[in-house]
Amino acid sequence: MDYNVPIGGMAAGQAVEGFYLLSEAASKTTAAGKPFLSAALSDRTGRIAAMVWDYAGPVCAADAGKVVKVRGEVTEYRGAPQLRVEKLRLAGDADRYDISALVPAAPIDADAAVADVRALVESIADEDYRRVAETLLERNLETFRSIPAAKSMHHAFLHGLLMHTANMLRLADYLSGLYAGTVDRSLLLAGTLLHDFAKREEFRFSPLGLVADYSVAGQLLGHLVMGAQEVAGACAELGVGAEKSTLLQHLILSHHGEPEFGAAVRPMCAEAELLSYIDLIDSRMEIYREACASTPAGAFSDRVPALDGRRVFHHG
């Protein structure tokens, strides 16, 4: 029995025991009517599916985001590792475990990233767009700096939204220069900064700061609509004209590109189109980074659901 094995280092046939983060949990029933728990466990090194057969609780979906102690065997299911759990319980006050080993964090210097974001925001030439960006940045700085950018797809770790947005701002800065005759740099940078701010309201967070689930407003409205509403309110408060307010809202509402990917409307100006591509580029590159990080050089990764089940080749 190996104790507190990093998930990224687990191998089929290995018996493990230790403390992990319960990322997801769903109570289900087999065709024969027997209860079981379908779950996902995670730590700083990765994530693994977990099955607890003949299990009716007490651990359930409401415990997602909490630390659990598990004992089980690593197996393989459809080409991906899976943990068959024999024992499962919530961690108690008397338990001792290293939280920093369980909660994944962005591989960045958060203070330096915030400084980079501030510098780019200060460089926005249009006064109205700059005031909106600076105002909402200061209001949201604490959550913007700390929260993940997603529940599971990409940047799903502490400081993930900061990492994602800082990367996107650097891309927006470069591409606005490359397409200077077509793109309004001020509008693009402001929209890039603000595009995901409402994720703080879209998600419910675990005590450890990761995304546990979607909020009611997150499910009924989503961060695009809530983000556009926040921008509209800030523009009205700051006396920014209707056209600039509408353009900023449009960038937020269309930044997923197509309705099938969650966009409220399709991009209808150059800055909106470019923002949707910048968002896609950074999200995809993070998916590749994570896949390569858990795959030996010269090998193919497991199938990646976010890439339509493709395998990633880590060429070293």
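Residues numbered from 1 in each chain as written. Predicted model: local features only at pLDDT ≥ 70, side-chain atom pairs only at ≥ 80, totals over all residues. Heavy atoms only, no water.

Chemist: Pulling in residues and values, what's your account of the overall build of the protein?
Modeler: Within the protein, the regular secondary structure consists of 10 helices and 10 strands. Taken against the 2.2 N^0.38 rule, which gives 20 Å for 316 residues, the C-alpha radius of gyration of the protein at 21 Å falls within 12% of a compact globule. Along the first, second and third principal axes, the C-alpha atoms of the protein reach 60 × 40 × 40 Å. Across the 316 residues of the protein, 46% fall into the buried class. At a minimum sequence separation of 6, the contacts of the protein that also span at least 24 residues come to 55%. (Helix = DSSP H or I, 4+ residues; strand = E, 2+ residues; numbered from the N terminus. Rg over C-alpha atoms; globule rule 2.2 N^0.38 Å. Buried < 20%, exposed > 50% of the residue type's maximum accessible area, 1.4 Å probe, protein only. Contact = heavy atoms within 4.5 Å.)

Chemist: Account for the environment of Arg139, naming residues and giving values.
Modeler: With respect to the element layout, Arg139 can be found in helix H3 (residues 127-146). By relative accessible area, Arg139 is classed as partly exposed at 48%. Separated by 47 residues in the primary sequence, Arg139 and Gly92 place their C-alpha atoms 36 Å from one another. Among the polar contacts listed, one links the side chain of Arg139 to the side chain of Glu237, at a separation of 2.4 Å. (Polar contact = N/O pair within 3.5 Å; in protein donor to acceptor, adjacent residues only side chain to side chain.)

Chemist: Which residues make up the pairing of strand S6 (residues 80-90), and what are the values?
Modeler: Strand direction decides the pairing type here: strand S4 (residues 46-53) and S6, joined by three bridges, are parallel. Counted as the bridge partner of Ala49 is Gln82 from S6. The pairing of strand S5 (residues 67-77) with S6 spans 10 bridges and is antiparallel. Paired with Glu76 across the strands is Pro81, a residue of S6. Counting the residues in the hairpin turn of S5 and S6 gives two residues, including Arg78, whose phi is positive at 55°. (Pairing = 2+ DSSP bridges.)

Chemist: Just give me the short version of the nonpolar core, but keep the residues and values in it.
Modeler: Counting residues in hydrophobic clusters, the biggest one holds 43 residues, and the most contacted among them are Val117, Val132, Leu137, Phe144, Leu193, Leu194 and Leu248. For this core, the secondary-structure elements that each account for two or more residues are helix H2 (110-122), H3, helix H4 (160-178), helix H5 (185-194), helix H8 (222-238), helix H9 (242-254) and helix H10 (270-293). Each residue touching Phe144, except ones within four places of it in the same chain, is listed here: Val117, Leu137, Leu161, Leu162, Thr165, Leu193 and Phe197. Counting residues in each nonpolar core, the second largest holds 21 residues, with Val16, Ala50, Val59 and Leu88 among its members. (Core = buried A, V, L, I, M, F, W, Y, C linked by side-chain atoms within 4.5 Å.)

Chemist: Go over the pairing of strand S2 (residues 15-29), please, and point to the residues and values.
Modeler: Across two bridges, the pairing between strand S1 (residues 2-3) and S2 is parallel. Bridged to Asp2 within S2 is Val16. In this structure, S2 lies alongside S5, joined through seven bridges in antiparallel fashion. If you follow Gly18 over to S5, its bridge partner there is Val70.

Chemist: Can you lay out the pattern of salt bridges for me, pointing to particular residues and giving the numbers?
Modeler: A full pass over the atoms with the stated rule returns 21 salt bridges. Residues Arg145 and Asp111 are paired through a salt bridge, measuring 2.3 Å at the closest nitrogen-oxygen approach. Linking Arg145 in helix H3 with Asp111 in helix H2, this pair joins segments that are 34 residues apart in sequence. By relative accessible area, which is 52% here, Asp111 ends up exposed. Connected through shared salt-bridge partners, Asp126, Asp128, Arg131 and Lys244 make up one network. (Salt bridge = Lys/Arg side-chain N within 4 Å of Asp/Glu carboxyl O.)

Chemist: So, the packing of aromatic side chains: which residues are in play, and what are the values?
Modeler: This model, assessed by the stated rule, comprises six aromatic pairs. Relative to Phe197, the ring of Phe144 has its centre 5.2 Å away and its plane inclined at 55°; by these criteria the two rings are tilted. In this pair, Phe144 is assigned in helix H3 and Phe197 in the loop between H5 and helix H6 (199-202), connecting sequence segments 53 residues apart. For the pair shown, Phe144 and Phe197 are each scored as buried. The structure contains a cluster of three or more aromatic residues connected by ring pairs, namely Phe203, Phe205 and Tyr214. Across from the ring centre of Tyr129, 5.6 Å away, lies the NZ or CZ of Lys244, which sits over that ring. (Phe/Tyr/Trp six-rings, centres within 6.5 Å; stacked < 30°, edge-to-face > 60°. Lys NZ or Arg CZ within 6 Å of the ring centre and 35° of its normal.)

Chemist: An account of the packing of H3 against H9 is needed here, citing residue identities and associated values.
Modeler: Interhelical geometry of H3 versus H9 gives an angle of 55° and a closest axis separation of 11 Å. When the interaxial angle is binned, H3 and H9 end up oblique. Crossing handedness for the pair H3 and H9: right-handed. On H9, the residues that touch Asp128, Tyr129 and Val132 of H3 are Lys244, Leu247 and Leu248. In terms of residue class, the contact of H3 with H9 is made up of four nonpolar, no polar and two charged. (Axes fitted to C-alpha atoms, helices over the stretch in contact; angles between N-to-C directions. Parallel < 35°, antiparallel > 145°, perpendicular 65-115°, else oblique. Left-handed = near helix turned anticlockwise from the far one by under 90°. Nonpolar A, V, L, I, M, F, W, Y, C, P; charged D, E, K, R; others polar.)

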